[in-house]
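Results of the structural survey
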Amino acid sequence: MAVKITDLCINCDSCIDECPATAIVSAGDSPINGDVTYVKPEKCIECADSTMPKCSDACPTEGAIVWDMPYTEDFNDYFVKGHESGEYNIREHKKNGIMYPSISPKPYREAIAISDRQAHVAIAG
Ligand code: SF4
Ligand code: SF4
């Protein structure tokens, strides 16, 4: 990721159509469980060319969308572990395999501190 949706989410789906990367799916379409709206970390680009993440801008629920680690090679192990533990379900490409950051890194916001990402700080509105 990227960003992550927590269990504070009320599944209003307001964020889904706002995402320029089609990275968000409703709870019913979540590849990890059916309870909470899900961000696909392998698709999220952190809206790096906008003032702020568009999902967070649309979200009525404080704390529902938080920072996660950059989807870059430096954090490949983090996402591999998350995928293997079931926290994420990263898409498998027929030819290239699982689309981990080492294979398909994504843009991220350098201004967000790694400590805030590790702490999954809520994205400020
Ligand atoms: S930060 Fe941007 S790209 Fe990532 S899930 Fe939110 S709207 Fe989509
Ligand atoms: S806008 Fe916020 S509360 Fe609504 S589905 Fe998205 S993350 Fe959940």
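Think of each chain on its own: its residues are numbered from 1, step by step along the sequence as written. Following the order in which they are written, the chains are lettered starting with A and the ligands numbered starting with 1. Two thresholds apply to this predicted model, a pLDDT of at least 70 for residue-level local features and 80 or more for giving and counting side-chain atom pairs, whereas whole-chain, interface and lining totals are computed over all residues.

**A short note on the overall build of the protein chain**
Per the convention used, a helix needs a DSSP run of H or I reaching at least four residues, while a strand needs a run of E reaching at least two, with both numbered from the N terminus. Secondary structure assignment for the protein chain yields three helices and six strands. Along its sequence from the N terminus, the protein chain presents helices and strands in the succession β-β-β-α-β-α-β-β-α. Counting over 125 residues, the protein chain shows a buried share of 34%. Taking the contacts inside the protein chain whose residues are at least 6 apart along the sequence as the reference set, 70% of them involve residues at least 24 apart. Residues with at least 20 other C-beta atoms within 10 Å of their own are called buried, those with 12 or fewer are called exposed, and the rest are partly exposed. The C-beta atoms themselves are positioned from the backbone. Placing a C-beta atom from the backbone of each residue, one calls two residues in contact when those atoms lie within 7 Å.

**Some points on the site of ligand 1**
Each residue receives a C-beta atom built from its backbone; the residue is near a molecule or strand if that atom lies within 6 Å of it. If you check the shell around ligand 1, you find 16 residues, and the closest are Cys19, Cys44, Cys47, Pro53 and Cys55. As a working rule, the residues Ala, Val, Leu, Ile, Met, Phe, Trp, Tyr, Cys and Pro are called nonpolar, Asp, Glu, Lys and Arg charged, and the rest polar, with Gly in that last group. Here the residues of the shell around ligand 1 sort into 13 nonpolar, no polar and three charged.

**Overview of the nonpolar core**
One recurring pattern in soluble globular proteins: nonpolar side chains tend to sit buried together. Buried Ala, Val, Leu, Ile, Met, Phe, Trp, Tyr and Cys residues whose C-beta atoms connect them within 7 Å together make up a nonpolar core. If you look at the biggest cluster of nonpolar residues, it comprises 26 residues, and the most contacted ones within it are Val3, Ile24, Val39, Cys44, Cys55, Ile65 and Phe79. Excluding anything up to four places from it in sequence, isoleucine 24 contacts Cys15, Ile16, Cys19, Thr37, Val39 and Cys55.

**As for unusual backbone geometry**
Residues other than glycine seldom take positive phi values, yet asparagine 11 does so here, at roughly 55 degrees. Accessibility expressed as a C-beta count within 10 Å gives 14 for asparagine 11, which makes it partly exposed. With a phi angle near 70 degrees, aspartate 13 is a residue other than glycine that sits in the positive phi range.

**Details of the site of ligand 2**
By nearness alone, 14 residues border ligand 2, and Cys9, Cys12, Ser14, Cys15 and Cys59 come closest of all. Partitioned by chemical class, the residues of the shell around ligand 2 number nine nonpolar, four polar and one charged.

**Re the environment of alanine 21**
Mapped onto the elements of the fold, alanine 21 is located in the loop between strand S1 (3-5) and strand S2 (24-25). Residues in contact with alanine 21, not counting those within four places in the same chain, are Lys43, Cys44 and Ile45.

**Observations regarding the environment of histidine 83**
For histidine 83, the location among the structural elements is in helix H2 (residues 76-85). The class for histidine 83 is partly exposed, based on 19 C-beta atoms found within 10 Å.

**Focus: H2**
Among the residues of H2, Tyr78, Phe79 and Gly82 are the ones counted as buried. All buried residues of H2 lie within an arc of 90 degrees about the axis, which places them on one face of the element. For H2, the exposed residues lying more than 90 degrees away from the buried face are Asp77, Lys81 and Glu84. Taken from the residues just after H2, glycine 86 is the one with a positive phi, measuring 90 degrees. This arc corresponds to the set of directions leading from the helix axis out to the C-beta atoms.

**What about the environment of cysteine 47?**
Within the secondary structure, cysteine 47 sits in the loop between strand S3 (38-39) and helix H1 (54-58). In this structure cysteine 47 comes out as buried when scored by C-beta crowding, with 21 C-beta atoms within 10 Å. When the C-alpha atoms of cysteine 47 and tyrosine 78 are compared, they prove to be 21 Å apart, with 31 residues separating the residues in sequence. Excluding its chain neighbours within four sequence positions, the residues that come into contact with cysteine 47 are Pro20, Met52, Pro53 and Lys54.

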